[in-house]
Amino acid sequence: MTTKGFLPPSRHIAGSVVVPGSKSLSNRALVCAALGDGESQILGVASGDDTGRMIAAITQLGAKVEGGSGSLVIRGPINTADTAPLILDAGLAGTTSRFLTAVAALRRGETTITGGPGLRARPMGELHRLVRELGATVKCDREGCLPVTVRGVDLATESPTAGSPRLLTARGDTSSQFISAVMMVAPWLGGAHIRLEGIVVSREYLQMTAQVMQHFGVAAKVDSNDVLVPQGRYRASRFVAEADWSSASYVFGAAAIVGGSVRVPLLRRDTTQPESRFLEVLEAVGCHVRLVEGEGGVEVSRKENDVLRGASVDMSSMSDLVPTLAAIAACASSPTEIRGVGFIRTKESDRLGDLAHELSRCGVGATVFEDGIRIEPRPLKSSDIDPHDDHRLAMALSLLGLRHEGISVRDASVVEKSWPAFWQDMSSGLNLGVVG
């Protein structure tokens, strides 16, 4: 039976919520550790299905994984010489499927990467082209989509030539995950010089990939429209995945929408996560931000008499937070325009069209344009929200329930993709009572 999730109306928010570790950092660290020589320890591993799928996949590929509850020991490298066929199921995890497609280019045997219906519909043609240019064979039933079968190069007989990294070109306006995936496997294949063409979206995630690679001993560099990856091997390391800024946005959004004060511990301001810039957006709409001394956390508050304002914001560097800002904007005193995010139509959902549809069902005015969405605040009305299999729509739009009774989210379990305990953690941390 499909369950519903909801956050009950509240007149004032107060509390502290511990959010999961960063999914983006966790998955990058898992790949580098699985490709590394020796025993790595990863702490603060994100909970959720996305990282669970990655852990299961690197185990199938031959890495040894021990531990649990956010602390793992990974013994690499994977078995690249194995010729047995493998099927890796990424579920609905886009990042996981893309990283694994590139990792399969290192393996002699055929590796099929598949996933759920929503993931199989997402375009990945640019990634498949890049993996072919790495020397792998790539076959799809439907070109550019999952399932995809990859047969990698034979590293025993086709060892790369030192000092001659291959030159690749990649579109800058598609998912940065395609480029990050190639970056992480390129050291095994002689290195790469990736030239990015056109406007580069989510450049900060390429910087994040380079930083994680550096932590595991490979000095990749992102410079303007060029990504330089040297030949090399990853070394075993101890890595701590910091708290996830995307998850923190929902906690902060609660304070913005209702008023009050919330705290998220263990967040780092000196982070590669671009979503940390959301604090500037929160200040622009009328919230107050304070860094918590000692624990590295952040407190966000809004006094009940302080006006919650609309804003005009380019969200291209933190596009995962578009639904969060949309929920806040629905409760503001003036319209909000979100720009620079046309590419999010091919996320887990159409994060512009589906978002606008669900906002309109809650009584909010929402107009999609080529590069974003305009939100006109109107009196909220009760609605049974369809998250469209998208964890971010579910968590963000559930915040509207704090402002108006009768707003619930179908398929509450969709949050398991990134924050399985979302309903319980928000309820207990913000003293909301029983929810979900």
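Computed from a predicted model, the values in this text were never measured in an experiment. (Residues numbered from 1 in each chain as written. Predicted model: local features only at pLDDT ≥ 70, side-chain atom pairs only at ≥ 80, totals over all residues. Heavy atoms only, no water.)

Colleague: Tell me what's going on with the overall build of the chain, and back it up with residues and numbers.
Modeller: Helix and strand counts for the chain come out as 13 helices and 23 strands. Against the globule reference of 22 Å for 436 residues, the chain gives a C-alpha radius of gyration of 22 Å, in line with a compact fold. Considering only C-alpha atoms, the chain reaches an extent of 70 × 45 × 45 Å along its principal axes. Out of the 436 residues in the chain, the part that is buried amounts to 58%. Expressed as a percentage of contacts within the chain between residues at least 6 apart in sequence, the contacts between residues at least 24 apart total 73%. On the chain, roughly 16300 Å² of surface is accessible, and the fraction owed to carbon and sulfur atoms is 48%. Averaged over its 45 positive side-chain charges, the chain has a centre that lies 1 Å from the centre of its 48 negative ones. (Helix = DSSP H or I, 4+ residues; strand = E, 2+ residues; numbered from the N terminus. Rg over C-alpha atoms; globule rule 2.2 N^0.38 Å. Buried < 20%, exposed > 50% of the residue type's maximum accessible area, 1.4 Å probe, protein only. Contact = heavy atoms within 4.5 Å. Areas by Shrake-Rupley, 256 points an atom, 1.4 Å probe, with all protein chains shown as cover. Lys, Arg positive; Asp, Glu negative; His and termini not counted. Charge placed at Lys NZ, Arg CZ, Asp CG, Glu CD.)

Colleague: Just give me the short version of the side chain of Ser319, but keep the residues and values in it.
Modeller: Relative to the helices and strands, Ser319 is located in the loop between strand E18 (312-314) and helix H10 (322-329). In this view, Ser319 contacts Val341, Phe343, Ile344 and Lys347; residues no more than four positions away in its chain are not counted.

Colleague: Help me get a handle on the packing of aromatic side chains, residues and values and all.
Modeller: What the rule picks out here adds up to four aromatic pairs. Measuring from ring centre to ring centre gives 6.2 Å for Tyr250 and Phe422, while their planes differ by 85°; the resulting arrangement is edge-to-face. Of the two residues, Tyr250 is situated in helix H8 (residues 245-258) and Phe422 in helix H13 (residues 422-429); the sequence distance between them amounts to 172 residues. Both residues of the pair, Tyr250 and Phe422, belong to the buried class. (Phe/Tyr/Trp six-rings, centres within 6.5 Å; stacked < 30°, edge-to-face > 60°.)

Colleague: Give me the environment of Arg290: which residues, what numbers.
Modeller: Structurally, the position occupied by Arg290 is in strand E16 (residues 288-292). Other than its neighbours up to four places away in sequence, Arg290 contacts Arg263, Gly297, Val298 and Glu299.

Colleague: For the sheet that holds strand E20 (residues 365-369), give the residues involved together with the corresponding values.
Modeller: On the basis of which strands lie adjacent, the open sheet formed by four strands has the order E18-E19-E21-E20 and mixed pairing. Looking at which strands have only one partner, the edges of the open sheet turn out to be E18 and E20. Averaged over neighbouring strand pairs, the angle between their axes works out to 15° when direction is ignored. The pairing of strand E19 (residues 336-339) with strand E21 (residues 372-376) spans three bridges and is classified as antiparallel. By the bridge assignment for E21, Glu337 is matched with Arg374. Taken strand by strand, helix H11 (residues 353-361) contacts E20 and E21, and its axis lies near 165° from that of E20. (Pairing = 2+ DSSP bridges. Axes fitted to C-alpha atoms, helices over the stretch in contact; angles between N-to-C directions.)

Colleague: Quick rundown of the pattern of salt bridges? Include the residues and the values.
Modeller: Within the structure shown, the criterion is met by 31 salt bridges. Taking the shortest distance from any N to any O, the salt bridge between Lys4 and Asp384 comes out at 3.3 Å. In this pair, Lys4 sits in the segment before strand E1 (13-16) while Asp384 sits in strand E22 (residues 383-385), placing the two residues 380 residues apart along the sequence. Through salt bridges with shared partners, one network takes in Lys23, Asp50, Asp320, Lys347, Glu348, Arg351, Asp390, Arg392 and Lys417. (Salt bridge = Lys/Arg side-chain N within 4 Å of Asp/Glu carboxyl O.)

Colleague: For the sheet that holds strand E9 (residues 166-171), give the residues involved together with the corresponding values.
Modeller: Strands sit in the order E9-E10-E12-E11 across an open sheet of four strands; the sheet is mixed. If you trace the sheet from one side to the other, it starts and ends with E9 and strand E11 (221-223), each paired once. Averaged over all pairs of adjacent strands, the angle between strand axes in this sheet comes to 20°, irrespective of strand direction. Summarising the sheet, E11 and strand E12 (residues 226-229) pair through three bridges and their orientation is antiparallel. Residue pairing in the sheet places Lys221 in a bridge with Leu228 of E12. Where helix H6 (residues 176-185) meets the sheet, its contacts fall on E9, strand E10 (192-197), E11 and E12, and the angle it forms with E10 comes to roughly 170°.

Colleague: For the nonpolar core, give the residues involved together with the corresponding values.
Modeller: In this structure, Leu35, Met183, Ile194, Met213 and Tyr234 are the most contacted members of the largest nonpolar core, which totals 74 residues. Sequence-distant contacts of Met213, that is, excluding residues within four places in its chain, are made with Cys32, Met183, Met184, Pro187, Val218, Ala220, Val229 and Tyr234. Core analysis: the next-biggest nonpolar cluster, separate from the first, contains 73 residues, Tyr250, Val285, Val364 and Leu400 among them. (Core = buried A, V, L, I, M, F, W, Y, C linked by side-chain atoms within 4.5 Å.)

Colleague: Which residues make up helix H9 (residues 278-285), and what are the values?
Modeller: Regarding H9, the residues found buried are Phe278, Leu279, Val281, Leu282 and Val285. Down the axis of H9, the sector holding all buried residues measures 155°, keeping them to one side. Downstream of H9 by one or two residues, Gly286 has phi in the positive range, about 120°. (Arc of directions from axis to C-beta.)

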